[in-house]
Amino acid sequence: MSSMSNQHITAEDVWVPDACTLPTAERPLRLAEFDQFFSDAVRGVDRLSAQHLRLQLDGAAQVEETARDLTARESLCCSFFAFDLSRPSPDSLTLDVRVPVAHVDVLDALAERAAAFRDQG
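Residues numbered from 1 in each chain as written. Predicted model: local features only at pLDDT ≥ 70, side-chain atom pairs only at ≥ 80, totals over all residues. Heavy atoms only, no water.

### Details of the overall build of the chain
Part 1: Looking only at helices and strands, the chain features four helices and four strands.
Part 2: Reading the chain from its N terminus to its C terminus gives the helix and strand order α-α-β-β-α-β-β-α.
Part 3: Here the chain holds 121 residues, and the buried ones make up 40% of them.
Part 4: Counting contacts in the chain only where the partners sit at least 6 residues apart, residues at least 24 apart contribute 58% of the total.
Part 5: Approximately 7,000 Å² of the chain is accessible, and the part contributed by carbon and sulfur atoms is 52%. (Helix = DSSP H or I, 4+ residues; strand = E, 2+ residues; numbered from the N terminus. Buried < 20%, exposed > 50% of the residue type's maximum accessible area, 1.4 Å probe, protein only. Contact = heavy atoms within 4.5 Å. Areas by Shrake-Rupley, 256 points an atom, 1.4 Å probe, with all protein chains shown as cover.)

### Quick notes on helix α2 (residues 27-41)
Part 1: For α2, which comprises 15 residues, the first-to-last C-alpha distance of 21 Å matches the rise-based estimate of 21 Å (1.5 Å per residue) to within 8%.
Part 2: Within the span of α2, buried status applies to Arg27, Arg30, Leu31, Phe34, Asp35, Phe37, Phe38 and Ala41. What you see down the axis of α2 is that its buried residues fit within an arc of 165°, all on one side. (Expected span 1.5 Å × (residues − 1). Arc of directions from axis to C-beta.)

### Quick word on the packing of aromatic side chains
Part 1: Counted under the stated rule, the structure contains four aromatic pairs.
Part 2: Of the aromatic side chains, those joined through ring pairs into one cluster are Phe34, Phe37 and Phe38. (Phe/Tyr/Trp six-rings, centres within 6.5 Å; stacked < 30°, edge-to-face > 60°.)

### As for the side chain of Thr71
Part 1: Relative to the helices and strands, Thr71 is located in helix α3 (residues 61-77).
Part 2: By relative accessible area, Thr71 is classed as buried at 11%.
Part 3: A polar contact is formed between the side chain of Thr71 and the backbone oxygen of Arg68, at a distance of 3.4 Å. (Polar contact = N/O pair within 3.5 Å; in protein donor to acceptor, adjacent residues only side chain to side chain.)

### Focus on the pairing of strand β1 (residues 42-49)
Part 1: Here β1 runs beside strand β2 (residues 52-58); their pairing, made up of six bridges, is antiparallel. Residue pairing across strands places Val45 opposite Leu55, the latter belonging to β2.
Part 2: The antiparallel hairpin formed by β1 and β2 contains two residues in its connecting segment. (Pairing = 2+ DSSP bridges.)

### Some remarks on the sheet that holds strand β3 (residues 82-89)
Part 1: Judged by pairing direction, the sheet is antiparallel, and its four strands sit side by side in the order β1-β2-β4-β3 without closing on themselves. Each edge of the open sheet carries a strand with a single partner, namely β1 and β3. Across the sheet, the axes of successive neighbouring strands diverge by a mean angle of 20°, strand direction being ignored.
Part 2: Together, β1, β2 and β4 (92-98) form the strand contacts of α2, whose direction differs from that of β1 by roughly 105°.
Part 3: Of the strands in this sheet, β2, β3 and β4 are in contact with α3, which crosses β3 at around 165°. (Axes fitted to C-alpha atoms, helices over the stretch in contact; angles between N-to-C directions.)

### Regarding α3
Part 1: Here α3 is 17 residues long and its end C-alpha atoms lie 25 Å apart, about the 24 Å a rise of 1.5 Å per residue gives.
Part 2: Along α3, the residues classified as buried are Val63, Ala67, Leu70, Thr71, Glu74 and Cys77. Buried residues of α3, viewed axially, fall in a sector of 115°; they line one side. Of the residues in α3, the exposed ones pointing more than 90 degrees away from the buried face are Ala61, Glu65 and Leu76.
Part 3: On its buried side, α3 packs onto α2, β2, β3 and β4.

This is the structure:
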């Protein structure tokens, strides 16, 4: 009989799928970068579909620069992510995140994490 007690799933386990090519040692640093970004920049979290998440962001130029840098680097190691950053008005940004069906669990984890940090603010 196997015990499930020592098989806990961490946020990193869900966040980092097998398809990720980022070296294991760098993953906690990237996770911390996302956490800081969520804490600093996310103003709203909208789940438009199972495969589509929209983050409402602070409209500052610095936020746009950080979002572009972070999503570009994330696309290099997790090519299944599709990121689209847009500016619907001069003082707001939206970041659309899409994934294929096979990676909905990763998007679920990202949405939960973003919402948790937004709720702390």
